[in-house]
Amino acid sequence: MNNPIPWFQHSVRESLEAQKTSIAHGLDVLEAERRATEFGLNELEAVQRKSALRMLLAQFKDLLVMILIGAAIIAQILGEAQDTIAIVAIIILNAILGFTQEFRAERAMEALQALSTPLAKVRRAGQIQTLPAYQLVPGDIVLLEAGNFVPADLRILESFQLSIDESTLTGESLPVDKQTHSLSAESLPIADQKNMAFKGTMVTAGRAVGLIVRIGMNTELGRIAKLLKEEVEVRTPLQNRIAQFAKKLSLAVLGLCLLIFLSGLWRGVEPVLMFMTALSLAVAAIPEALPAVVTMSLALGARAMIRRNALIRKLPAVESLGSVTYICTDKTGTLTENRMSAQAFYLHHKSFASIPDAATQNPLWNSLLRAMTLNTDVSLNPDGSWQGDPTEIALVQAAHDQGLVKEDLEKASPRVAELPFSSERGMMSTVHQSQDRGFVITKGAPERVLPLCQDIMGPNGLEAIDQDVLLKAIDSMALEGFRVLAFAKRDLGLHPNHLELSEYEQNLTLIGLVGLIDPPRSEAKEAVRLCQSSGIKVVMITGDHPKTAQAIALKLGIAHSVSDEVMTGQQLLETTDEQLLAKVLDIRVYARAAPDQKIRIVKALQTKGEIVAMTGDGVNDAPALRRANVGVSMGKGGTDVAREASHVILLDDNFASIIEAVREGRKIYSNIRKFVRFALSGNSGEIWTLFLAPFLGLPIPLLPIHILWVNLVTDGLPGLALAMEPEEKNIMHEPPRHPEESVFALGLWQHSVWVGILTAALTLGVLAWAYHTGHAHWQSMAFTVLTLVQMAHVMAIRSETESTFSLGFTSNKYLLGAVLCTLALQMATLYIPSFNSIFKTAPLSLAELGLCLGVSSLVFFAVEIEKWFKRRRRVG
């Protein structure tokens, strides 16, 4: 029963012999029980879930979180309860968010298990029984009918117009017509195994008898479950950058604090005071508001993305979208409308891109539209929607839009006989009786219908068929991705029942051809263009036929020429990992791709250093969604499995919404960089001030309480308000950030150094002047300058290149309010007596305060000059 030969190669007889069963009798009860013991239950293995405590503790392993814990301990030693509470609150908030995200991610396997069919009809011991699907075993004979979910992987033994929707496994947009005879190919993608039915797919039409050949985790669905279980999520670019930032910062802070402590001892300063100063500086140097700013930025971005039809399941994915260099997208429902539509027509040797106005007044068009309506098994639901095969629904809808009502046509010309469709015949015929005559309508693949036609309808009667012209028209439609159907007719006279059924499909007259397609979304082409102008490459990975995939890719601009390579699943099977790596950056279209192949593509791109977003809606997409840097699932048409494995859910299943999410992600990362620029510049200014003062013969400029206060009021509200900054101009015309790009790239660290040195120079300059001219308030003045400099700086860095004057001082009202609030708090430390005793400050005279304000504003103008030079270089 564990035959290594693929089951699709077995004949019906060989399959039954291999499983030691029969169609008429099935398994005996005792044999079924024995096999249940041998093979286990027909269900997917439950994922071994992490305990809630383990997931919670894992949130505290991050290096930056560890540094923050150390900072909280230091703040507590210094007796700074406010700092301690603030830092601990940030740590707890971070842990809760991380725990929630990981807990929700663990539900992906549970959603996969929910696809198992609860009940199934089987034949055992010659009797038909209804059993729970988990009790089925290899060798069971299963009876399928329309509406059933397939309970296990089956070899189809008997088929009666069987059609199965396999889109959740293969991505194929149309139901697959099944057959029973064996297939000789050595290996076939799932989509081409026409004599197999797979667990978790759904029967859309017909009925069948199938033999269970694989159950549980051995099914194709189980194989995907294994991939999903084994595949680990990749850390986001933001997580990597923050981790690198934390490592570099921790080493720098420890080294500088030690250096400052030793320099103070060398100058003879009291060891306890220098130790407290060094510890205070350690707390100040760590931007403990960074996790809060990151979290707030991501949360605000997530809220904004909901308005753009993108629901964020995992907050770091918000920023990751801004780093994406490749988008690997499914076709059906994402780039296309996920509905078949009749959009190409051919009548009397002429091609049409649409149905003309008043078509029903034209005899040729009227005949075609009537045939499109009558030769279908579509029915109208009470709510006005159509029920039936998607292709037939498209045909009926096209005629309905021209005023033809199916119910009225069927009353006028009722169906009296039919030759049903089968994959072997490739066509369907219906026999109708009107008041004065009978007629046959035949619909099917052109290669099956055309040989049965002796002439073609023309405006002046019947004409000879020009085979060459017809074949060119068919090839042209096929190259554009259309599924082509031929419609033919035969008049039967007064008595349509005088013929044998087999004779109805002879001596036909061709009416015309109809091309059907799942049309591209109207906004998808512009979205693809915007991606490409932003440096993001779009790759289509679909389960559809290569020609269909290529046609849609050409229409949307994903592919640029018919000569562009389209790699099929079969070709991927024959391609080594090294060969794939060599060409993966050049391929834009993959067709007939299997689930593990999607992962191979994503991994190959990641190996090349790319940041990959992967879209999908089916069970087959779930492993690749988890593996991708950003997994994007469909909210309307997607499966629970895909949604649970993804980072982002598109509420409108629209590719254009991904681009809006990318825009938001870029804005968020830009704002996080602004905070890092602001925090590091301010912190380096504090460090330079304390480090250089002794070498300039100046007293200690700041007390520990001053350092902690400056850190609290500057990194607090103003830092958080930077997260509210609007997006910069041309944000979508810049290339994606390089995956290895540091947070400090593009001049950020240089800016932080020179602004820090300027901050120290201004602070120490005011301190030296006040100290040497006998001003008693020299320390309060230095304290005030250090605070006000950072407020001037934060107003200047709202854009890396645009002038604050062109942005407007009120475009971010949250930041303006935060700056004014910080100024008020600083004034309170100077002019409220009770605060004077706490902060060891004294009120400044109007002249002293004016000097502090004037000196502090110099940083604002210095940064504006830097941005002016940047704009000049960009223009040059």
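Residues numbered from 1 in each chain as written. Predicted model: local features only at pLDDT ≥ 70, side-chain atom pairs only at ≥ 80, totals over all residues. Heavy atoms only, no water.

1. Re the overall build of the protein chain
Phase 1 of the analysis: Each helix and strand counted, the protein chain has 33 helices and 26 strands in total.
Phase 2 of the analysis: Expressed as a percentage of its 876 residues, the buried residues of the protein chain come to 57%.
Phase 3 of the analysis: Across the protein chain, contacts joining residues at least 24 apart in sequence account for 73% of those joining residues at least 6 apart.
Phase 4 of the analysis: Only carbon and sulfur atoms are counted for the fraction: they give 59% of the accessible area of the protein chain, which is about 36000 Å². (Helix = DSSP H or I, 4+ residues; strand = E, 2+ residues; numbered from the N terminus. Buried < 20%, exposed > 50% of the residue type's maximum accessible area, 1.4 Å probe, protein only. Contact = heavy atoms within 4.5 Å. Areas by Shrake-Rupley, 256 points an atom, 1.4 Å probe, with all protein chains shown as cover.)

2. With respect to helix α28 (residues 748–772)
Phase 1 of the analysis: Here α28 is 25 residues long and its end C-alpha atoms lie 36 Å apart, about the 36 Å a rise of 1.5 Å per residue gives.
Phase 2 of the analysis: Just past α28, the residue G774 takes up positive phi, approximately 80 degrees. (Expected span 1.5 Å × (residues − 1).)

3. Considerations on the confidence of the model for the protein chain
Phase 1 of the analysis: With 84% of its residues at a pLDDT of 70 or more, the protein chain shows a mean pLDDT of 83.
Phase 2 of the analysis: Taken together, the stretch residues 108–117 has pLDDT below 50 and engages in 32 contacts with residues farther than four places along the chain or on a different chain. (pLDDT = per-residue confidence, 0-100.)

4. Observations regarding the pattern of salt bridges
Phase 1 of the analysis: All told, the structure shown has 28 salt bridges when counted by the stated rule.
Phase 2 of the analysis: Put simply, K674 and E728 hold a salt bridge, and the shortest N to O gap is 3.6 Å. Pair noted here: K674 is in helix α25 (residues 655–692) and E728 is in the loop between α27 (717–721) and α28, with a separation of 54 residues, a long-range link. Each member of the pair, K674 as well as E728, carries the same accessibility label: buried.
Phase 3 of the analysis: Across the pair E864 and K867 runs a salt bridge, and its minimum N-O distance is 3.1 Å. (Salt bridge = Lys/Arg side-chain N within 4 Å of Asp/Glu carboxyl O.)

5. Thoughts on the environment of V753
Phase 1 of the analysis: Relative to the helices and strands, V753 resides in helix α28.
Phase 2 of the analysis: Here V753 falls in the partly exposed class, since its relative accessible area comes to 33%.
Phase 3 of the analysis: Here the alpha-carbon distance between V753 and S681, two residues 72 residues apart in the chain, equals 6.5 Å.

6. What to know about a nonpolar patch on the surface
Phase 1 of the analysis: A contiguous nonpolar patch, built from I69, I73 and I77 and spanning about 270 Å² of accessible area, is present on the exposed surface.
Phase 2 of the analysis: On the secondary structure map, I77 appears in helix α4 (residues 63–77). (Patch = residues over 30% accessible without salt bridge, like charges linked within 9 Å, V, L, I, M, F, W, Y side chains within 5 Å.)

7. Some remarks on the nonpolar core
Phase 1 of the analysis: I327, M540, I558, V630, V648, F655 and I659 are the most contacted members of the largest nonpolar core, which totals 72 residues.
Phase 2 of the analysis: Looking at this core element by element, the count peaks at 10 residues for α25.
Phase 3 of the analysis: In this structure, F678, M781, I797 and V863 belong to the second largest nonpolar core, which totals 36 residues. (Core = buried A, V, L, I, M, F, W, Y, C linked by side-chain atoms within 4.5 Å.)

8. Here's the deal with the pairing of strand β2 (residues 127–132)
Phase 1 of the analysis: Sheet topology note: the strand β1 (residues 119–124)/β2 ladder contains six bridges and is antiparallel. Looking at β2, one finds that L119 is bridged to P132.
Phase 2 of the analysis: Where β1 hands over to β2, the hairpin turn is made up of two residues, of which A125 adopts a positive phi near 50 degrees. (Pairing = 2+ DSSP bridges.)

9. Describing the sheet that holds strand β25 (residues 630–634)
Phase 1 of the analysis: Across the sheet, eight strands lie side by side as β8-β26-β25-β24-β9-β21-β23-β22; this open sheet has mixed pairing. Each of the sheet's edge strands pairs with one partner strand only, and the pair in question is β8 (310–312) and β22 (566–568). Ignoring strand direction, the axes of neighbouring strands in this sheet form an average angle of 20 degrees.
Phase 2 of the analysis: Where β8 meets strand β26 (residues 648–650), three bridges bridge the pair, whose relative direction is antiparallel. Looking at β26, one finds that L311 is bridged to I649. (Axes fitted to C-alpha atoms, helices over the stretch in contact; angles between N-to-C directions.)

10. What to know about the packing of aromatic side chains
Phase 1 of the analysis: Counted according to the given criterion, the structure contains 10 aromatic pairs.
Phase 2 of the analysis: With a centroid separation of 5.5 Å and 80 degrees between ring planes, the pair formed by Y771 and W778 is classed as edge-to-face.
Phase 3 of the analysis: Here F860 and F861 contribute two aromatic rings whose centre-to-centre distance is 5.3 Å and whose plane-to-plane angle is 90 degrees, an arrangement assigned as edge-to-face.
Phase 4 of the analysis: For F860, a relative accessible area of 9% corresponds to the buried category.
Phase 5 of the analysis: Take F861: its relative accessible area is 46%, and that puts it in the partly exposed class.
Phase 6 of the analysis: Over the ring of F160 we find R207, and its NZ or CZ is 4.1 Å from the ring centre.
Phase 7 of the analysis: Note that K489 overlies the ring of F439, its terminal NZ or CZ placed 5.1 Å from the centroid. (Phe/Tyr/Trp six-rings, centres within 6.5 Å; stacked < 30°, edge-to-face > 60°. Lys NZ or Arg CZ within 6 Å of the ring centre and 35° of its normal.)

11. Focus: the packing of helix α18 (residues 524–533) against α25
Phase 1 of the analysis: Their axes nearest at 8 Å, the elements α18 and α25 cross at an angle of 35 degrees. Pair α18 / α25 crosses with left-handed handedness. On α25, the residues that touch A524, A527, V528, L530 and C531 of α18 are F655, A656, I659 and R663.
Phase 2 of the analysis: Here the residues of the contact of α18 with α25 sort into eight nonpolar, no polar and one charged. (Left-handed = near helix turned anticlockwise from the far one by under 90°. Nonpolar A, V, L, I, M, F, W, Y, C, P; charged D, E, K, R; others polar.)

12. Observations regarding the pairing of strand β16 (residues 438–444)
Phase 1 of the analysis: Where burial is concerned, most of β16 is hidden: seven out of the seven residues are buried.
Phase 2 of the analysis: Burial along β16 is two-sided: G438, V440, T442 and G444 facing one way and F439, I441 and K443 facing the other are all buried.
Phase 3 of the analysis: Relative to β16, strand β15 (residues 427–433) runs antiparallel, the two being bridged by seven bridges. Looking at β16, one finds that V431 is bridged to V440.
Phase 4 of the analysis: Connecting the antiparallel pair β15 and β16 is a turn made up of four residues.
Phase 5 of the analysis: Across seven bridges, β16 lies against strand β19 (residues 483–493) in antiparallel orientation. Paired with V440 across the two strands is R490, which belongs to β19.

13. Looking at unusual backbone geometry
Phase 1 of the analysis: Positive phi, normally seen in glycine, also occurs at Q161, with a value near 55 degrees.
Phase 2 of the analysis: Considering the arrangement of structural elements, one finds Q161 in strand β4 (residues 153–165).
Phase 3 of the analysis: Its identity as a non-glycine residue notwithstanding, A358 has a phi of 55 degrees, on the positive side.
Phase 4 of the analysis: Position of A358 relative to the elements: it lies in the loop between β11 (350–352) and α13 (363–374).
Phase 5 of the analysis: Overall, A358 belongs to the exposed group, its relative accessible area being 53%.

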